Amino acid sequence: MISDLSRTLQDFRVPFSAYDAQRFLERVRSVIDYLVVYRHYFPSEYAQSMELVRNGQAPLFPLHGEAYSPHEARLLKLVDKHLFPLPLWYVLGDACEENRCDTIPIEPFGIDLSTGDDVLEMDLGWQLMYYLIGGIQADFIENLFGDDRDAIFAVPIEPGKVDDASLRGVCERQIKPLAFFRQVLDLIDYDTGTVWLDATMEMPCDNADWSTDTIDELVKQYGEALDIKKKADQFMNWLEGDIVPHFTEVARIWNESVIQTNQKSQEGKR
Amino acid sequence: MPKVRLQNQEFEIPQDLIALEPTIVAEKGEEEAKKQRDSNLKRWLSQVSPAATNATLNWTEESKPDGSKETVIRVTPQLGTKGGYVSAALIENLRAIPQSVLPMIALTFELKMLQLTGQLDLGLLLAYQQRINEALEHQGGDERIVSDIARRLRGTKPAPGPWAPIGF
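The rules we used
Residues numbered from 1 in each chain as written. Chains lettered and ligands numbered in written order. Predicted model: local features only at pLDDT ≥ 70, side-chain atom pairs only at ≥ 80, totals over all residues. Heavy atoms only, no water. Helix = DSSP H or I, 4+ residues; strand = E, 2+ residues; numbered from the N terminus. Expected span 1.5 Å × (residues − 1). Buried < 20%, exposed > 50% of the residue type's maximum accessible area, 1.4 Å probe, protein only. Contact = heavy atoms within 4.5 Å. Pairing = 2+ DSSP bridges. Axes fitted to C-alpha atoms, helices over the stretch in contact; angles between N-to-C directions. Buried area = accessible area lost by both parts, 1.4 Å probe. Salt bridge = Lys/Arg side-chain N within 4 Å of Asp/Glu carboxyl O. Polar contact = N/O pair within 3.5 Å; in protein donor to acceptor, adjacent residues only side chain to side chain. Nonpolar A, V, L, I, M, F, W, Y, C, P; charged D, E, K, R; others polar.

Engineer: What is the right way to look at helix α12 (residues 212-241) of chain A in this model?
Structural biologist: An α-helix turns once per 3.6 residues; consequently, residues spaced three or four apart project the same way. Residue and element names in this part refer to chain A. Here α12 contains 30 residues, and its C-alpha end-to-end distance of 43 Å stays within 8% of the 44 Å for a straight helix at 1.5 Å per residue. For α12, the complete set of buried residues consists of Thr-214, Ile-215, Leu-218, Gln-221, Tyr-222, Ala-225, Ile-228, Ala-232, Phe-235, Met-236, Trp-238 and Leu-239. Among the structural elements, α2 (18-41), α6 (124-132), α10 (181-188), α11 (195-198) and α13 (243-269) are those in contact with the buried residues of α12.

Engineer: How should I be thinking about the sheet that holds strand β2 (residues 9-12) of chain B in this particular structure?
Structural biologist: In a beta sheet, neighbouring strands are held together by backbone hydrogen bonds and run either parallel or antiparallel to one another. Residue and element names in this part refer to chain B. Taken in spatial order, the four strands make up an open sheet running β2-β1-β4-β3, and their pairing is mixed. The sheet terminates laterally at β2 and β3 (56-63), the two strands that pair on one side only. Pairwise comparison of adjacent strand axes, ignoring direction, gives a mean angle of 25 degrees for this sheet. In this structure, strand β1 (residues 3-6) lies alongside strand β4 (residues 69-76), joined through four bridges in parallel fashion. Each residue of the ladder has a partner; that of Val-4, found in β4, is Ile-73. Together, β1, β2, β3 and β4 form the strand contacts of helix α2 (residues 30-45), whose direction differs from that of β3 by roughly 95 degrees.

Engineer: Is there a simple way to explain the interface of chain B and chain A in this structure?
Structural biologist: How big an interface is tends to be reported as the loss of accessible area on association of its parts. The partner chain A presents 24 residues to the 23 residues of chain B that form the contact. Together, B:Lys112, B:Leu122 and B:Leu136 form the three largest contributors to the area buried by chain B at its contact with chain A, with a combined 27%. Here chain B is connected to chain A by zero salt bridges. Run the count over chain B and chain A and you get one residue pair in polar contact (both at pLDDT 80 or more). Listing elements by their share of the side of chain B that touches chain A, those giving two or more residues are α4 (103-116) and α5 (122-154) of chain B. Of the residues assigned to the side of chain B that touches chain A, the class counts are 15 nonpolar, five polar and three charged.

Engineer: Is there a simple way to think about the side chain of A:Glu97 in this case?
Structural biologist: All names here are of chain A. The topology assignment puts Glu-97 in the loop between α5 (88-91) and α6. Looking at Glu-97, its side chain comes within polar contact range of the main-chain nitrogen of Gly-65, at 2.9 Å. Each residue touching Glu-97, except ones within four places of it in the same chain, is listed here: Arg-23, Arg-27, His-64, Gly-65, Glu-66 and Ala-67.

Engineer: Is there a simple way to think about the pattern of salt bridges in this case?
Structural biologist: Once their charged atoms are close, side chains differing in charge can pair, the charge on each being opposite to the other. Following the criterion strictly, the structure yields 22 salt bridges over all chains and no others. Close ionic contact of A:Arg149 with A:Asp150 constitutes a salt bridge, the shortest N to O distance being 3.8 Å. Several salt bridges share partner residues, and in doing so they unite B:Lys3, B:Arg5, B:Glu10, B:Glu62, B:Glu70 and B:Arg74 into one network.

Engineer: Just to check I follow, could you spell out the pairing of β1(B) for this structure?
Structural biologist: Each regular strand displays side chains that alternate between the two surfaces of the sheet. All names here are of chain B. Two strands pair when backbone bridges link them, and β1 and β2 are joined in this way by four bridges, in the antiparallel orientation. Bridge pairing links Val-4 to Phe-11 in β2. Hairpin connection from β1 to β2: two residues lie between these consecutive antiparallel strands, with Gln-7 at a positive phi of about 45 degrees.

Engineer: Got a minute to help me understand unusual backbone geometry in this structure?
Structural biologist: Negative phi characterises most residues that are not glycine, and trans characterises most peptide bonds. Residues and elements named next belong to chain A. Here the bond from Lys-176 into Pro-177 is cis, since omega is 5 degrees, no more than 30 degrees from zero. Structurally, the position occupied by Pro-177 is in the loop between α9 (164-172) and α10. One non-glycine residue, Tyr-190, adopts positive backbone phi at about 55 degrees. Structurally, Tyr-190 can be placed in the loop between α10 and α11.

Pasting the structure below:
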């Protein structure tokens, strides 16, 4: 039985203009991408869905005005559940035709200062890290530390920058979770090598196509991102647990890294 | 000096413009030489009025008050809608272009028919994948060509045209 005759008839419209034809072909191309991904990652669910299509119980293409066919919506939920998180609240929440995701919608979960978040609204440990690397001045945050204020801001800090190799070398010699200082700085610098932590609203990842190669890479990077985030959280819990001595330790390895970086730079100039 | 009467104007033109080219007369005959002279004259007159381009020329000899004769050329523009002579040439050129359906439209029809008759599945769609990609890339290619022409035209030095713009 046809529940919505006018919408069903819309599907019988044949595109006559180049613009409509282009849109139709782009839609077909996207449908193929979704089907290939569905069959590759979820073969049994794919087989069930295609059985419904063959029996005429579900359409292969999204109905007119809709972003997704039933099996595509199911695929999105499966990806979210088994591979990596998708922002389903808006992907499926407002699923009109124009909102179809022809590329994979990636919602990063790293630090994003482009969305109006402020360093000063972050946890104390993170604020200290921004202070340590010269991102904010002491007078912005010194009142937050109560009795520890004088001790914290008396810790000598080497001004400058660190290169990745020096930081890596210094951190590898530390015990955990102090050794995770490197992951913390990578997060702050958007330099984790994972799209999940390096992308922001201002610099989004909008070219992840629905291909198995891209999805495999995203799955791999998602695992790495979770690991980095976990290490950064462990570091912050440790730092805030006994903030003065632990910050002194962090400042020590920061200073050591800066000095090594400067030495390398000087040697390079000779 | 010969005279031209064109759209309520009368003016003299150089004698050279109405002379027949002796080499053409010798090689191809007087009729052909007259055709070429008329064609050249119409081109020259089109600077005065674009309507002269497709006009008919009537040659007469008229007596002057002093008894001498002078050549008068009446220029009768071809009746029609404004700009018609331009669109006629354009339509002629367009008709000469081989007829074809845009590949993207043809492919769309093919796929739409398969969709509507329930014949599409992943296997068949994958068989079409390359054609779909090519059609979409070809479409992008057309846009690139047009935008490239537009970009080059924007940077081109202006040059005066041989004819006055229509309507001026």
